[in-house]
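# Architecture at a glance
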Amino acid sequence: MRRRRAGAPLRVGCIDAFGWRYADRRMDHLDLFRQMARARAFEDAVAALWRQGRIAGEMHLGTGEEAVAAGVVAGLRRGDGVALDHRPTPVLTALGVDLVLMLAEMLGLEAGLTRGRAGHMHLMSKAHLAASSGIVGSSAPLGAGFALAGRTLRPGAVAVAFFGDGAMNQGMLLETLNLASAWQLPILFVCKDNGWAITTRTDAVSGGDPVTRAKAFGLPAADVDGVDVWAVASAAAEAIDRARRGRGPSFLRARVPRLDGHFLGDALVRAARSPAEDGRQLLGDVTSAVLSRTGGGLGDRARSVVRLLDLMRRARREDRDTRRDPLERARSSVGEGPAARLEEEALADVGRAVELAGRGA
Amino acid sequence: MARLEFGAAIDHAIAEAMARDPRVIVLGEDVHTLRAPLYSRFGPRRVLAAPISEGAFMGAAVGAAMGGLRPIAELMLVDFLGSCLDSLLNQAAKVEDFTAGEWKVPLVVRATCGGGYGDGGQHEQALWGLLAGIPGLSVVVPSTPSDAHGLMAAALRHDGPVVFLEHKLLSRSWLEFLGRGGRDTVTFDVPPGGVEGEVEVGQEVPLGSAAVRRHGSGLTIVSLAVGVHRALAAAEALALEGIDCEVLDLRSVRPLDRASVVASVGRTGRLLVVDEDYREFGLSGELAAAVLESGLSPRYARVCLDGTIPYARHLEDDALPNVGRIVAAARSLSG
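Conventions adopted
- Residues numbered from 1 in each chain as written.
- Chains lettered and ligands numbered in written order.
- Predicted model: local features only at pLDDT ≥ 70, side-chain atom pairs only at ≥ 80, totals over all residues.
- Helix = DSSP H or I, 4+ residues; strand = E, 2+ residues; numbered from the N terminus.
- Contact = placed C-beta atoms within 7 Å.
- Nonpolar A, V, L, I, M, F, W, Y, C, P; charged D, E, K, R; others polar.
- Axes fitted to C-alpha atoms, helices over the stretch in contact; angles between N-to-C directions.
- Left-handed = near helix turned anticlockwise from the far one by under 90°.
- Parallel < 35°, antiparallel > 145°, perpendicular 65-115°, else oblique.
- Domains from an automatic or database assignment.
- Pairing = 2+ DSSP bridges.
- Core = buried A, V, L, I, M, F, W, Y, C linked by C-beta atoms within 7 Å.
- Buried ≥ 20, exposed ≤ 12 C-beta atoms within 10 Å, placed from the backbone.
- Expected span 1.5 Å × (residues − 1).
- pLDDT = per-residue confidence, 0-100.
- Right-handed = clockwise from strand over helix to strand, strands pointing away.

## Some thoughts on the overall build of chain A
In terms of regular secondary structure, chain A is built from 13 helices and nine strands. When its C-alpha atoms are laid out on the principal axes, chain A stretches across 70 × 50 × 45 Å.

## Things to note about the interface of chain B and chain A
Counting from both sides, the interface comprises 45 residues of chain B and, opposite them, 54 residues of chain A. The biggest single contributor to the side of chain B that touches chain A is helix H3 (residues 36-42) of chain B, with six residues. Residues of the side of chain B that touches chain A, tallied by class, amount to 20 nonpolar, 16 polar and nine charged.

## Re the packing of helix H2 (residues 66-73) of chain A against helix H8 (residues 229-244) of chain A
Packed helix pairs are specified by the crossing angle of their axes together with the interaxial distance, meaning the distance between the axes. Residue and element names in this part refer to chain A. Direction vectors running N to C along H2 and H8 enclose 35 degrees, while the axes themselves pass 8 Å from each other. As for how H2 packs across H8, the hand of that crossing is right-handed. Facing H2, whose interface residues are Ala67, Val68, Ala70, Gly71 and Val72, H8 presents Val229, Val232, Ala233 and Ala236. Considered class by class, the residues forming the contact of H2 with H8 number eight nonpolar, one polar and no charged.

## Some thoughts on the packing of helix H4 (residues 99-106) of chain A against helix H13 (residues 336-359) of chain A
Residue and element names in this part refer to chain A. Between H4 and H13, the least distance of the axes is 8 Å, while the angle of their chain directions is 50 degrees. Looking at the two axes, H4 sits oblique to H13. Where H4 crosses over H13, the handedness of that crossing is right-handed. Counting all contacts with H4, which are made through Leu99, Val100, Leu103 and Ala104, the residues of H13 involved are Asp349, Val350, Ala353, Val354, Leu356 and Ala357. For the contact of H4 with H13, the class distribution of residues is nine nonpolar, no polar and one charged.

## Focus: the domain arrangement of chain A
All names here are of chain A. Entries for chain A in the domain assignment read domain 1 (19-260 + 321-359) and domain 2 (267-318). Here the C-alpha centroids of domain 1 and domain 2 sit 34 Å apart. Domain 1 puts five residues into the contact, and the matching count from domain 2 is four residues. Taken together, the residues of the side of domain 1 that touches domain 2 break down into one nonpolar, one polar and three charged.

## Things to note about the sheet that holds strand E13 (residues 270-278) of chain B
Residue and element names in this part refer to chain B. As summarised here, the arrangement of the five strands in space is E9-E11-E10-E13-E14, forming an open sheet in which the pairing is mixed. Looking at strand neighbours, the two that pair on one side only are strand E9 (211-214) and strand E14 (299-305), the edges of this open sheet. Each adjacent strand pair in this sheet contributes to an overall mean axis angle of 25 degrees, direction not counted. Pairing between strand E10 (residues 219-223) and E13: three bridges, direction parallel.

## Considering the nonpolar core
In terms of nonpolar packing, the biggest core is built from 237 residues, with Ala161(A), Ile187(A), Leu188(A), Val190(A), Leu252(A) and Ala330(B) touching the most fellow members. The dominant element in this core, judged by the number of residues it contributes, is H8(A), at 10 residues.

## Some remarks on the sheet that holds strand E6 (residues 138-140) of chain B
Residues and elements named next belong to chain B. Taking strand neighbours across the sheet as the criterion, the seven strands line up as E3-E2-E4-E5-E7-E6-E12 in an open arrangement whose pairing is mixed. Strand pairing shows two members of the sheet lacking a second neighbour, strand E3 (47-50) and strand E12 (252-254), which therefore form its edges. Each adjacent strand pair in this sheet contributes to an overall mean axis angle of 20 degrees, direction not counted. The pairing of E6 with E12 spans two bridges and is classified as antiparallel. The partner of Val139 across the bridge, within E12, is Arg254.

## With respect to helix H5 (residues 139-153) of chain A
Residue and element names in this part refer to chain A. In this model H5 runs 21 Å from its N-terminal to its C-terminal C-alpha over 15 residues, within 8% of the 21 Å that 1.5 Å per residue would give. Every buried residue of H5 is accounted for by Ser139, Ala140, Leu142, Gly143, Ala144, Phe146, Ala147, Gly150 and Arg151. For H5, the secondary structure elements touched by its buried residues are strand E1 (81-84), strand E3 (130-132), strand E4 (159-164), helix H6 (171-182) and strand E5 (187-193).

## Focus: the confidence of the model for chain B
Averaged over chain B, the pLDDT score is 98; the fraction of residues at 70 or greater is 100%. Predicted as a complex, the structure gets a pTM of 0.94 and an ipTM equal to 0.95.

## Let's talk about the pairing of strand E8 (residues 221-225) of chain A
Residue and element names in this part refer to chain A. Where E8 and strand E9 (residues 250-255) come together, five bridges link them in parallel fashion. By the bridge assignment, Val224 is partnered in E9 with Ala254. Taken together, E8, H8 and E9 constitute a β-α-β crossover, and its handedness is right-handed.

Structure (structure tokens):
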């Protein structure tokens, strides 16, 4: 279901006078929307289980990244490798990894994808050549290795590495951009740029921008709106096609929202959302610290406080911000009726998966 | 005396040092939010938020220390050591020896460690054995707020590189940040004695000195961090069976207080190591070597982590040293 014909680029954004072409494009839209709806329904269910205390640890969701996941995966086929970060779920659902197995893994069950050993930050499926990691930036070199193995063993196979903008400051990632360029590896680097590096604004700790950096290493680099699934799919298809034909690596920066903070229960988001309750301790500690007799000069103290307040303001503004929700964007393209039907299907699929996975508990 | 939580006791020692000495700075990922009080009191020039670039900021911290500052570099989780090991292994640890003692690196690396909240194999490791295996580094791992304060105060006065590890089960703020996330639907086996306590403010705990937490004559349990609290709970249960345990809290892994270990084992004739780090090629083996080298030949056992920490909570509970495993090992040594 997930795979396109070998190497066939998506025909998106090219409506012409022929009805068949239009129909074909419409099918693509529905298929992409189906994947996005499935990912969202799945992660909504995961969030509910986490809140019930049935899923442990730092739960990083990919809500807001569905268009990137669906759009890129649409260009992949069997034998391609996929290296993932700590928000792997939307890509894995789009790759067709079994929902019940993933849920059972997150519930820590023997029936899980990797028998409850890895958990949600380290989901891996050997059958899909897909592996995620909780170490920021590590997906890039892993993906380069997948690309090398693919080129050597399965000519025409490619790899994709997904990571965030925070990872763009990680040495191993920058080294990999160079390595992939030097070795002309068949890989697509996908930077899901949500503007945050945990609780830090990425632009406050970065020089230059991701696209310029990638170009400096000799990679063709595209900059797309990551909530526009058609834009992602077409840019990714072009880059993947280039890799398949032996023309080396590419870089795609897709700007996405972070709908659920760094992870569920993000302390900064909670403090920003309800300063009177969740933020009280933080604000109290900061206030008494600012008023200490010893410390930095007034200007230094003021600069810190202004930056902290700005951070909280941004966290509050972006918390569950539906204006940049990729599903809302895609819904208007596929039409309310078909979209609602696909979302219902996704909910039903996920509901069945939750029930089946829960039986193992 | 002040009643402080584990994390606050550490921050208190840092704030004192920063107020006293303008060379003390804090840098690392998210320090403006994680250390918001320090950030707002001392300003962004002394509390520097870093990008997710462990190799760069840890290496820069080493250089800054060589250049005259006294940096505290925060590595959010010690597991991220993998991304910056060179800075510690080949730079910080080597300079003093390379210069025959002339040039020192007054760097404190602060990192969280340890498991027990379901974060899996890349975010819950101990790694103190790996770090302590590097000559030139000091490695400290407190088990109480008082020691956390005193060891940080001592680390900040020390002229060489010190890795200060903060166990997440003992730090309410870290456990809330990484494990609970505002939920009241999850529980953790938190040792109350380690989370909050009386702290003698300004009182240093010297590096390399162990503390006896419980006196006993039949068996010496050597541990650190959360393991100390597990060992104390096990000792209570064992006392009912007539097994009288001494519990020694190492507090520092390197320098290792060999004298205290040897003195205790010399009295009891039995050594049980409780170590949340990996069993093989680490601290537990080093302790066996220490007592053998002293001429003792005690009965010996260890309760450690045997492999990668599993994600599933019930598997994790079995993998980490727990009271049941300690009691069983102590019985087998005493039989």
